[in-house]
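The primary structure of each chain is shown beneath.
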Amino acid sequence: MTATAPRRLMLAALLMAAPALVPAAQAQAPNRGEVAVYSARHYDTDRRLYDAFTRETGIRVRLIEGDADQLVERIRTEGANSPADVLITVDAARLARAKDAGVTQGVRSATLEERIPAGLRDAEGHWFAVSQRARVIMYDKTRGVPQGLARYEDLANERFRGQICVRAANHPYNVSLAASILAADGAAATEAWARGVAANLARPPQGGDRDQFRAIPPGQCQLAISNTYYLGHFGASQNPADRELFERIGVIFPNQGAGDRGTHVNISGVALVRTSPNRDNAVRFMEFMTTTEAQQIFALGNMEYPVVSGVPLHPALRAMGEFRAEPVHATQSAANAAEALRIMQRAGWR
Ligand SMILES: [Fe+2]
């Protein structure tokens, strides 16, 4: 009796709520055309953002997903007839390359310029960062904080022989990191660094970022190089085993010393396509991405750091600690990428 009464009440509430829901859904904003989004991101939560945009504006999102370089090539091939309005991709160097390839155009928008810090957008408005992730060093808290490991450069020290796990050199996350070291330290020092890291590997590079820190508790690796959001997903997981792993892994944000350059971050960014047929809708979409609601879906949905200040962080991200980020130099990163990869591979980091 006592159990059924509340259930009946809930049912009544649902029945009463149901008719109200239908007109609300029908009262959605009228169709105001569409925006074609070419995205190289592959996170399910991004779709929630596109739905939120449509609910808010009545503008439908036509989503085309693909590999970043292929999407840029596709826009080029489609030429003036390209339906593409907006390009979304990960990696600052790729955004710089899209600009170089002539597939983007500059946007002047008070909203974008006010909400996105100058260091996180192209000076001519060809791309705007909408989320960021840090590349960090992870360790086993049960073994204590590793000594002598405060900078990426320290990873080459022979005291860490046989301890490091990292994915293959040619992944953009590692190329981007090495390109920033190349910019900071020069070619000779970067080559010495890459040789040191290769000599310190616990095993040949394999798997993705999360496979590196997952191998810490079983003792295969003592140190892992990974992007923050992969670990963040474990901290936000409903699965107790995931959260246990999250609790066990410590995070070092490198290069935080006074006068040092800061921890390497990479971005996801958005760009207006040069031939965009729905320019107003596209700019509106880009601006929408900087709202608190969108930042919570797009950035925090994937456990990345928002680019807009004042957006509250997920507790799992807060638990990893605060850090100072190295400024994003997209053009330099693109210019250094090929040489950085050659150096890593020559050094034996495959
Ligand atoms: Fe990733």
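Residues numbered from 1 in each chain as written. Predicted model: local features only at pLDDT ≥ 70, side-chain atom pairs only at ≥ 80, totals over all residues. Heavy atoms only, no water.

Labelled according to an unreviewed UniProt entry, the chain appears under the name Extracellular solute-binding protein, originating from Falsiroseomonas algicola. Under Sequence similarities (unreviewed entry), UniProt gives the following word-for-word description of the chain: "Belongs to the bacterial solute-binding protein 1 family." (UniProt positions renumbered as here; feature names shortened; annotations may be inferred.)

Asker: Summarise the overall build of the chain; cite the residues concerned and give the values.
Answerer: Counting its secondary structure elements, the chain contains 14 helices and 10 strands. In terms of overall dimensions, the chain is globule-like: its C-alpha atoms have a radius of gyration of 23 Å, near the 20 Å expected for 350 residues. Seen through its principal axes, the chain has C-alpha atoms that stretch 70 × 65 × 35 Å. Counting the 350 residues in the chain, one finds 51% classified as buried. (Helix = DSSP H or I, 4+ residues; strand = E, 2+ residues; numbered from the N terminus. Rg over C-alpha atoms; globule rule 2.2 N^0.38 Å. Buried < 20%, exposed > 50% of the residue type's maximum accessible area, 1.4 Å probe, protein only.)

Asker: I'd like to hear about the domain arrangement of the chain, residue by residue, with values.
Answerer: Here the chain is partitioned into domain 1 (34-132 + 265-320) and domain 2 (134-263 + 327-346). For domain 1 versus domain 2, the separation of C-alpha centres amounts to 26 Å. Across the contact, 23 residues belong to domain 1 and 20 residues belong to domain 2. Here domain 1 packs against domain 2, burying approximately 1800 Å² in sum over the two surfaces, 69% of which is carbon and sulfur. Three residues, Val265, Met303 and Met320, lead the burial of domain 1 against domain 2; their summed loss comes to 33% of the area buried on that side. In this structure, the connection of domain 1 to domain 2 is made through 0 salt bridges. (Domains from an automatic or database assignment. Contact = heavy atoms within 4.5 Å. Buried area = accessible area lost by both parts, 1.4 Å probe. Salt bridge = Lys/Arg side-chain N within 4 Å of Asp/Glu carboxyl O.)

Asker: Describe in detail the coordination of the iron ion, supporting the description with residues and values.
Answerer: The iron ion binds to the protein through Tyr173 (OH), Tyr229 (OH) and Tyr230 (OH), with metal-donor distances spanning 1.7 to 2.1 Å. All donors of the iron ion come from a single chain, and their spacing in sequence reads Y-x55-Y-Y. Of the two residues, Tyr229 and Tyr230, both sit in the buried class. (Donors = N, O, S within 2.8 Å, 3.2 Å for Na, K, Ca; no water.)

Asker: Explain the layout of surface pockets to me, using residue names and the numbers behind them.
Answerer: Considered as a void within the structure, the largest pocket measures approximately 500 Å³ in volume. What lines the largest pocket is a set of 23 residues, among which Gln132, Tyr305, Pro306, Val307 and Phe323 lie closest to the centre. When residues of the lining of the largest pocket are traced back to their parent elements, those giving at least two are strand S10 (305-306) and helix H13 (315-320). A breakdown of the residues in the lining of the largest pocket according to their chemical character gives 14 nonpolar, 5 polar and 4 charged. (1 Å grid on protein atoms, 1.4 Å probe; cavity = no way out; pocket = protein on both sides within 12 Å on 5 of 7 lines; lining within 4 Å. Points joined across faces, edges and corners; volume = space filled by probe spheres on them. Nonpolar A, V, L, I, M, F, W, Y, C, P; charged D, E, K, R; others polar.)

Asker: Quick rundown of unusual backbone geometry? Include the residues and the values.
Answerer: The backbone of Asn255 shows a phi angle near 60 degrees, a positive value even though the residue is not glycine. Residue placement: Asn255 occurs in the loop between strand S8 (249-252) and strand S9 (265-273). Even without being glycine, Met303 reaches a positive phi, approximately 60 degrees. You can see Met303 is positioned in the loop between helix H12 (292-298) and S10.

Asker: A description of the pairing of S8 should follow, citing residues and the corresponding values.
Answerer: Across the two faces of S8 the burial is the same, with Ile249 and Val251 and Gly250 and Ile252 all buried. Across 4 bridges, the pairing between strand S5 (residues 128-140) and S8 is antiparallel. Within S8, the residue paired with Asp140 across the bridge is Ile249. (Pairing = 2+ DSSP bridges.)

Asker: Go over the packing of helix H2 (residues 44-57) against helix H11 (residues 279-288) with me, naming the residues and quoting the values.
Answerer: Two quantities define a packed helix pair, namely the angle between the helix axes and the distance between the axes. Following both chains from N to C, one finds H2 and H11 inclined at 120 degrees, their axes separated by 11 Å at the closest point. Of the two elements, H2 crosses H11, and the hand of that crossing is right-handed. Only Asn281, Arg284, Phe285 and Phe288 of H11 make contact with H2, whose side of the interface consists of Leu49, Tyr50, Ala52, Phe53, Glu56 and Thr57. Within the contact of H2 with H11, the residues separate by chemical class into 6 nonpolar, 2 polar and 2 charged. (Axes fitted to C-alpha atoms, helices over the stretch in contact; angles between N-to-C directions. Left-handed = near helix turned anticlockwise from the far one by under 90°.)

Asker: So what's going on with the UniProt feature "binding site: Fe cation" (unreviewed entry) in the chain? Residues and values would help.
Answerer: As recorded in UniProt, the feature "binding site: Fe cation" (unreviewed entry) lies at His42, Tyr229 and Tyr230. Maximum C-alpha separation among the annotated residues is 13.8 Å over a sequence range of 189 residues, consistent with a single clustered spot. When you line up the elements, Tyr229 lands in helix H9 (residues 228-235). With sequence-adjacent residues up to four places away left out, Tyr229 is seen in contact with Tyr43, Arg133, Tyr173, Asn302, Met303 and Glu304. Structurally, Tyr230 can be placed in helix H9. The buried category is assigned to Tyr230, whose relative accessible area is 11%.

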